[in-house]
Every structure is written in structure tokens, then in C-alpha cells.
Amino acid sequence: METETAESIEIRGLYKIFGRRAKSYIDAVKNGMGKQELQEKHGHVLGLQDINLTMPAGSIQVVMGLSGSGKSTLIRHINRLIDPTVGEVLVNGEDVCKMNTRALRNFRRHKTAMVFQKFALLPHRTVIDNVVYGLEIQGVDKDKQQTEARRWIDRVGLSGFEDNYPNQLSGGMQQRVGLARALTNDAPILLMDEAFSALDPLIRMDMQSVLLDLQKELRKTVVFITHDLDEALRLGDRIAILRDGAVVQEGTGQDIVLRPADDYIENFVKEVNRGRVILVESVMKEGPPAANATLELGRDTQLESAARAMTQSNVNVANVIDMNGECCGQVTMGDTVAAMVRQDDESEDGEQARSA
Amino acid sequence: MAWYDEFPAMGRTELRDLKNAIDKGFRAWTREHGGTVEAIFEPIKDLLIWSERLLLNTPWPIILIAITAIAWFGSRKIPITVGTLLTLVLIGYFDMWEDTMRTVSMMFVCTLVSIVIGIPIGIAMSKSNLLERMITPVLDIMQTMPGFVYLIPVVMLLGIGKVPGLLAVVVYAIPPIIRLTNLGIRLVDKEVLEAADAFGSSSWQRLKNVQIPLAMPTIMAGINQTIMMALALVVIASMIGVQGLGQPVLKAIANQQFTLGVFNGLAIVGIAIIFDRVSQAYGKRLQSHSEVVHGN
Ligand SMILES: Nc1ncnc2c1ncn2[C@@H]1O[C@H](COP(=O)(O)OP(=O)(O)OP(=O)(O)O)[C@@H](O)[C@H]1O
Ligand SMILES: [Mg+2]
């Protein structure tokens, strides 16, 4: 069923090789040739390999990975700024890669909006003329273009700069112009390539809130690339981690923090503040309430808050209740603290063991 | 005589016959199709006549004010505007007003025709590497072939007068505008184009909203060069009946009248400088968005 505001995205068996004879190396890559080998032997760059991702309508999918891991390449496939070497990108079941020019143009106009890592503003247009660009292309009437654009310029905090040219603005301000340009388009799919990377921490938090608020109202399907795990955990319903063009782990933030698939991901999650990321539901014991518990905590309480609440009430165990206020299990102080510090202990042990 | 003393050329008679055959063929073709070709150029002839009449029949003070105003609105620079006014006054005072108007009119139409033909060719060239590879050598020939050479077939075809003059000038002066339109569009930032695509621009929208505006400074440089080259050909074109400042120069050469030559030569230099400075300043103003750069 098609809804007005949400579109699901499904990527199936996607490979991208950069180079003149990309197609002829597909089999080699499928048979296990790595990025480095392909580069050295054949001078072709392996951009993406065997990507399979399902992004349900109305959710935020975060993509993470080190520089050069293929994040920008992946997001460009969703609106087909890059054609895949093989594979499918299905949006609401329709393969974007098979659309003809006209269908693709309409898809880009009405279904997607994109924020670029390097801003990609039109240098000869003022802020407001940049922000209306999407609507202008669609042929929306001028008054509506202006009101929509001004609303978003205001929301990203750039009121008063409407008539400036991009190169009169700082990097962070330019990035917000790019953000306003995408939001003004009001498309069901938002593609955000490191959309907040040039912002200072305060504005960044503010923009994250804008996105989350927007998400509560409008339920867009958002693909969000970031280098910042805290941001990923705050925004992402699901997180995919890329390495050398392949997805190494995909899951909820909890999955990734609690069960990193390998050392690469462990490195990513090492520095994260576990007390603020892990939720009570991830450490609780399901079952009947503890008879002696006097404290009740919501499933989605962060461990840090849970520990604070238990300390303040001077108890060692609390009952966990779900959204409906019904009890669904219990959590102990010991488990809470253990989950908060476990990672650090392990790595310290590891270091001690190595130095011994 | 050993074969290496002199290049073993084609026999004299054969060579003469070959040249004659080609000339004869071309002449025959001309006789047959001259009328059609003339008909094709009829509208351009009308334009040439109209623009010359306009400049000659309008009282000089109005023209003086108009050109000065164009210089001001084009450049927004007082020195250029004053310089323009002064040059025109001097030209008028030394009794070269009419010839100058004829030359300016010719320049105007030649530049217009070059723009109208050159920019679309440049755009087409920027879109296809094959086309670029095919057109570039043609442009090289057009630019290096001595001006006199293409006067010959043009005169054979159309006789003497304004239209053949215009043809010769346009062929000589159009390459820079084609080249620089092509170059300007090819140099447009790929990321900006990608953004235009991401929002669903059609190829016309991306041309109109992104490629042309961002290539404009380069295209303006091409127009500027075209104007300069056209002016340079004015003296040569006067050999086939183009009226204007070139004819007195020719006369001065024939009659060894040094002062006459210098005066008219200086008048050509004067309008060349006006055209150049105004079009360059205008091109710079188009880039005003990139002048105030945020500190980095
Ligand atoms: N047009 C191209 N031609 C050749 N190689 C390319 C091209 N575009 C990207 N690549 C290669 O693909 C790989 C992934 O690049 P991509 O830009 O997707 O990385 P990224 O994850 O977005 O990195 P960053 O965090 O630095 O933005 C890199 O190795 C890069 O060199
Ligand atoms: Mg990137």
C-alpha cells in the first residue's frame, strides 16, 4: 500500500565497482576478491559489495563507517546519482535503477531530498534562492516557494541571511542552507550525507532535535550518514556499519553497543557512554515482578538514570514496566552497573594482559 | 638532376589542371546556387542595413549618450564611462563619426551572429566528447587560416559587399566563443551539478540554472575575444567592400597618407578598448557573488 508520507527502501545485492570495465570484475569480486587486490591488480576501485539493507518506511537508518568505506557511494545509489554495477534499489517495491529518465526525474523531484557532505550550494544564488531550488524545479508557485523556504531558513537559524551568497557564510551556516534546501522540498525520503558534520555541538544538538521532531510529525524515511556514534545512537532506529564497501553489522543501537560483531566495530563503540545508550530493557530479566521491589522503571530508561534512581531510593532491585504501565520484568543494581562498565573492564584487562 | 635536389612534385600541367578543375567546379556550383545562398543571407543583410541606418540616421548626440550609458550600465565604473565619452568626442571632432558608426554597426551584427551561432555549438560540444574532438580541429583551421583566404570563396559566391564581409569576419572571430562556452560548461563544479540532478532538474533546467550561469564569466571572456578578433578583421574586410574605418586605412596605404592611416587606426584602437573594457567589466560584475569570500 502506498502512503503519502512514507516510503520503504530496500537494497538488494548491490555492488559498485568504479572503473572503465567494472562489469568484467563483478565475478571476481563475488568470488571474494577484496578491495585492495582489485585496486592493485586491475586498477579498479571497489566501492560497494553485496549490500543488502531493508529500511522500513518512516524510520531513520544510520550508516556509519570510516572515511572511504563507501557511505557516500551508498547513499548516492538511493536517488541514482550513481548507477550500480549490479543490484537493485527498491523504493516501495519499484526498482530505481530501472526507471527511465522521466520517471527518475519525477522520483527525485517528489520523493527524495538530499543534503550533501560538501554542501553543493549554487554559488551564484542567494540563500533563499538556493533553498527554493527544489520547489522551483517542481514548478510550485512563487508565494508558496517563499513561505516554505522562509519557514525552514528560520527553523535552521539563518533568518536575516536570506540575501547572502553562500561564500559569505561560514561552513556550518552553509551546511544549514543545504539542510533547509532539503527540508523545504518536503519529500518522503531524506538522504543526509554527514548533514551535521560541520556544525558546532550546540547547533548540532538543535538540528538533531529538529530532525527528531520532524520525524514524530511526518514519519519520513531518513538515511543518515555520520561519523559520530552518539549521534547515530540518538537518531538511528537502525544502524549499519560499513567497511571497505561491505556491511559488517546492521542492527539497533543496542545490538551494536552490546554485541559488536568484530574488533572494527568494537573500536567504534569503545568510547561511547554506555550508561546513556543502553536501556533497561536490554539488561532486565523478563518475568514476574520482584516481590520486594518498591521502585518501578520504564523499559526505555537509560541505565545511568536507572542506577541513579535505585541509588536514591536505596534499593537493589526494581520492577520494569512497559508503555502500558504493566510489569514485564525486573532489573538489579548489579546487572545495571555491570552493563555500564563491562566494556571498560574488558579492555583494561586486555591491556593489562598485554603489558604483563 | 638527382631526385633529392628538388622535391619530386606533381607535374606542372597536372597541378594546373587540378586547380582549374576545382575552381571550375566551384564556379559552376556558385553560378547554379548563388541565388539560393544569397536568399539565405537576406535576413542578415536586412539586419546589417537596419543597424547601420539606425546608427547613421540617429542624431549624433543621442548615439553619444546611448553608448556612454551602455558603458556605464555595463561596467559601473566612472573611468571607463568617461573614457568612452572622450574617445567618441575625439572621433567625432576628427570627422570620423560616420565611418566609426559603420564599423560599430558591423561589429555589433557580427558579434550578435557569433553569439547566436557560437553559444549553441559550444553547448553541444560540451555535452559530447565526440563532437568536441570533431569540432576542435575545424576551429583550429578557422583561426589559423589567413583572413584573406576565405575572402576568396566568399567573394566568388556572394560578390562584394556587407554580407560577404560579415561572413568572413564571423568565420574568423567565432572560434573563441565556441571554445570558451565549451570550456566554461565543462569546468562547472561536478558537485553542484549533482545537487541540481538530485532535486530532479531536467537537462534544460540544469543548463539554464546551473551550467550557463556558472560558465558565464568564461563565456563573457569568449565574447570579449570574439569582439577583439572581429575588429582586427575590419581592415581586411574593407577590401571586399565593407564600409567603415577600414577603407580610409586602405586608401592611406595606397596613397601613402600617413596621418589619415594613423587617425583611422587610432579610432579602431579606441573603439576596441571601449568594447574590451566594458565587456570585461560586465563579465566581472557577473561574478560578484564570488567576490566577498568568507575568511578561509
Ligand atoms: N567516482 C569515483 N571513482 C573512483 N573511485 C571512487 C569514486 N567515488 C568514490 N570512489 C571510491 O569509493 C570509495 C568510497 O568512497 P565514499 O566517498 O563513498 O567514502 P565515504 O565513506 O563517504 O568517505 P568519507 O567519510 O570520507 O566521506 C573510496 O575508496 C573512493 O576512493
Ligand atoms: Mg562521504
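Residues numbered from 1 in each chain as written. Chains lettered and ligands numbered in written order. Predicted model: local features only at pLDDT ≥ 70, side-chain atom pairs only at ≥ 80, totals over all residues. Heavy atoms only, no water.

*Asks:* What is the right way to read the overall build of chain B from this model?
*Replies:* Check the secondary structure of chain B and you find 14 helices and 0 strands. Moving toward the C terminus, one meets the helices and strands of chain B in the order α-α-α-α-α-α-α-α-α-α-α-α-α-α. Along the first, second and third principal axes, the C-alpha atoms of chain B reach 75 × 55 × 45 Å. When burial is assessed residue by residue, chain B has 43% of its 296 residues classed as buried. Long-range contacts, defined here as pairs at least 24 residues apart, represent 76% of the contacts in chain B between residues at least 6 apart. Carbon together with sulfur atoms contributes 67% to the accessible area of chain B, which is approximately 16,300 Å² in total. (Helix = DSSP H or I, 4+ residues; strand = E, 2+ residues; numbered from the N terminus. Buried < 20%, exposed > 50% of the residue type's maximum accessible area, 1.4 Å probe, protein only. Contact = heavy atoms within 4.5 Å. Areas by Shrake-Rupley, 256 points an atom, 1.4 Å probe, with all protein chains shown as cover.)

*Asks:* Help me understand the overall build of chain A in this model?
*Replies:* Regarding its fold elements, chain A presents 16 helices and 14 strands. C-alpha extents for chain A along the principal axes are approximately 65 × 55 × 45 Å. Across the 356 residues of chain A, 51% fall into the buried class. Residue pairs at least 24 apart in sequence account for 65% of intrachain contacts in chain A once pairs closer than 6 positions are excluded. Surface summary for chain A: the accessible area is close to 16,600 Å², and the carbon and sulfur share equals 45%.

*Asks:* In this structure, what is going on with the domain arrangement of chain A? I would like to understand it.
*Replies:* Interface size is often expressed as the accessible area that is lost when the parts come together. Residue and element names in this part refer to chain A. Per the domain assignment, the segments of chain A are domain 1 (9-111 + 187-269) and domain 2 (275-339). Computed from C-alpha atoms alone, the centre-to-centre distance between domain 1 and domain 2 is 35 Å. Between domain 1 and domain 2, the residue contacts involve 4 residues of the former and 4 residues of the latter. In this structure, the connection of domain 1 to domain 2 is made through 0 salt bridges. Examining the composition of the side of domain 1 that touches domain 2, we find that 3 residues originate from one element, helix 11 (residues 253-258), more than from any other. Across the side of domain 1 that touches domain 2, the residue classes break down as 3 nonpolar, 1 polar and no charged. (Domains from an automatic or database assignment. Salt bridge = Lys/Arg side-chain N within 4 Å of Asp/Glu carboxyl O. Nonpolar A, V, L, I, M, F, W, Y, C, P; charged D, E, K, R; others polar.)

*Asks:* Would you mind showing me how to read the coordination of the magnesium ion (ligand 2) here?
*Replies:* Each donor-metal-donor angle in an ideal tetrahedron of four donors is 109.5 degrees, and each such angle in an ideal octahedron of six donors is either 90 or 180 degrees. All names here are of chain A. Around the magnesium ion (ligand 2), the donor atoms from the protein are Ser72 (OG) and Gln117 (OE1), and they sit 1.9 to 2.2 Å away. Of this pair, serine 72 sits in helix 3 (residues 71-78) while glutamine 117 sits in the loop between strand 6 (112-115) and helix 5 (127-131), and the two are 45 residues apart along the sequence. Under the relative-accessibility criterion, serine 72 is labelled buried at 19%. (Donors = N, O, S within 2.8 Å, 3.2 Å for Na, K, Ca; no water.)

*Asks:* Please explain the sheet that holds strand 14 (residues 327-332) of chain A as it appears in this structure.
*Replies:* Strand-to-strand pairing in sheets goes through backbone hydrogen bonds, with the strands running parallel or antiparallel. Residue and element names in this part refer to chain A. Read across the open sheet, the 4 strands follow the order 11-14-13-12; overall the sheet is mixed. Edge positions in the sheet fall to strand 11 (285-286) and strand 12 (295-298), since each has one partner strand and no second. Of the strand pairs in this sheet, strand 13 (residues 317-321) and strand 14 are connected by 5 bridges, and their pairing is antiparallel. Residue pairing across strands places isoleucine 321 opposite cysteine 327, the latter belonging to strand 14. With respect to the sheet, helix 15 (residues 303-313) is in contact with strand 12, strand 13 and strand 14, its orientation differing from that of strand 12 by roughly 170°. (Pairing = 2+ DSSP bridges. Axes fitted to C-alpha atoms, helices over the stretch in contact; angles between N-to-C directions.)

*Asks:* Just to check I follow, could you spell out the interface of chain A and chain B for this structure?
*Replies:* Across the boundary between the two partners, chain A contributes 28 residues, which contact 21 residues of chain B. Across the chain A/chain B interface, buried area totals approximately 2,200 Å², and carbon plus sulfur atoms make up 58% of it. Summed over the three residues of chain A that lose the most area to chain B, namely His124, Tyr133 and Asn167 of chain A, the buried surface amounts to 26% of that side. One can count 2 salt bridges joining chain A with chain B. Note that arginine 76 of chain A is salt-bridged to glutamate 194 of chain B, the shortest N-O span being 2.7 Å. Scanning the region where chain A abuts chain B turns up 7 residue pairs in polar contact (both at pLDDT 80 or more). Of all elements in the fold, only helix 4 (101-111), strand 6, helix 6 (133-138) and helix 8 (171-184) of chain A reach the threshold of two or more residues within the side of chain A that touches chain B. When residues in the side of chain A that touches chain B are grouped by element, the largest group, 4 residues, is from helix 6 of chain A. Per-class residue counts for the side of chain A that touches chain B are 12 nonpolar, 8 polar and 8 charged. (Buried area = accessible area lost by both parts, 1.4 Å probe. Polar contact = N/O pair within 3.5 Å; in protein donor to acceptor, adjacent residues only side chain to side chain.)

*Asks:* I tried to follow the domain arrangement of chain B on my own but got confused; where do I start?
*Replies:* Residue and element names in this part refer to chain B. Segmentation of chain B into domains returns domain 1 (9-40) and domain 2 (41-295). Its C-alpha centre places domain 1 at a distance of 32 Å from the equivalent point of domain 2. Taken together, the contact pairs 10 residues of domain 1 with 7 residues of domain 2. Of the roughly 760 Å² buried at the junction of domain 1 and domain 2 (both faces included), carbon and sulfur atoms supply 70%. Three residues, Phe26, Val37 and Glu38, lead the burial of domain 1 against domain 2; their summed loss comes to 52% of the area buried on that side. Across the domain 1-domain 2 interface, the total number found is 0 salt bridges. Counting across the interface, domain 1 meets domain 2 through 6 residue pairs in polar contact (both at pLDDT 80 or more). A breakdown of the residues in the side of domain 1 that touches domain 2 according to their chemical character gives 5 nonpolar, 2 polar and 3 charged.

*Asks:* Even after reading the chapter, I still don't get helix 8 of chain A, so can you show me in this structure?
*Replies:* Between its first and last C-alpha, helix 8 of chain A extends 20 Å over 14 residues, near the 20 Å set by a 1.5 Å rise per residue. Across the 14 residues of helix 8 of chain A, 13 count as buried, placing the element largely inside the fold. (Expected span 1.5 Å × (residues − 1).)

*Asks:* Mind showing me how you'd approach a nonpolar patch on the surface here?
*Replies:* On the surface, Met10, Leu15, Leu18 and Ile22 of chain B cluster together into a nonpolar patch covering about 360 Å² of accessible area. For leucine 18 of chain B, a relative accessible area of 41% puts it in the partly exposed group. (Patch = residues over 30% accessible without salt bridge, like charges linked within 9 Å, V, L, I, M, F, W, Y side chains within 5 Å.)

*Asks:* Quick question: what am I supposed to make of the pattern of salt bridges here?
*Replies:* Side-chain pairing between opposite charges can occur once the charged atoms of the two side chains come close. On inspection of all chains with the given rule, the structure shows 31 salt bridges over all chains. Taking the shortest distance from any N to any O, the salt bridge between glutamate 7 of chain A and lysine 111 of chain A comes out at 3.1 Å. Of the two residues, glutamate 7 of chain A sits in the segment before strand 1 (9-18) while lysine 111 of chain A sits in helix 4, which places them 104 residues apart along the sequence. Note that arginine 102 of chain B and glutamate 52 of chain B form a salt bridge whose closest N and O atoms lie 3.3 Å from each other. Taken together, the positions of arginine 102 of chain B in helix 5 (residues 97-127) and glutamate 52 of chain B in helix 2 (residues 42-57) put the pair 50 residues apart, joining distant regions of the chain. Looking at arginine 102 of chain B, the relative accessible area reads 17%, which means it is buried. Classification of glutamate 52 of chain B by relative accessible area gives buried; the value is 12%.

*Asks:* Sorry if this is basic, but what is going on with the site of ligand 1 here?
*Replies:* All names here are of chain A. In the neighbourhood of ligand 1, 14 residues make up the surrounding shell, with Ser67, Lys71, Ser72, Thr73 and Gln117 lying closest. Separating an oxygen atom of ligand 1 from a side-chain N or O atom of serine 67 is a distance of 2.5 Å. Between ligand 1 and glycine 70, the relevant distance is 3.0 Å, taken from an oxygen atom to a main-chain nitrogen or oxygen of the residue. Burial of ligand 1 by the protein amounts to 63% of the accessible area it has alone, namely 640 Å². Take the shell around ligand 1: its biggest share by element is 3 residues, from helix 3. Considering only residue class, the shell around ligand 1 consists of 3 nonpolar, 8 polar and 3 charged. (Near = heavy atom within 4 Å.)

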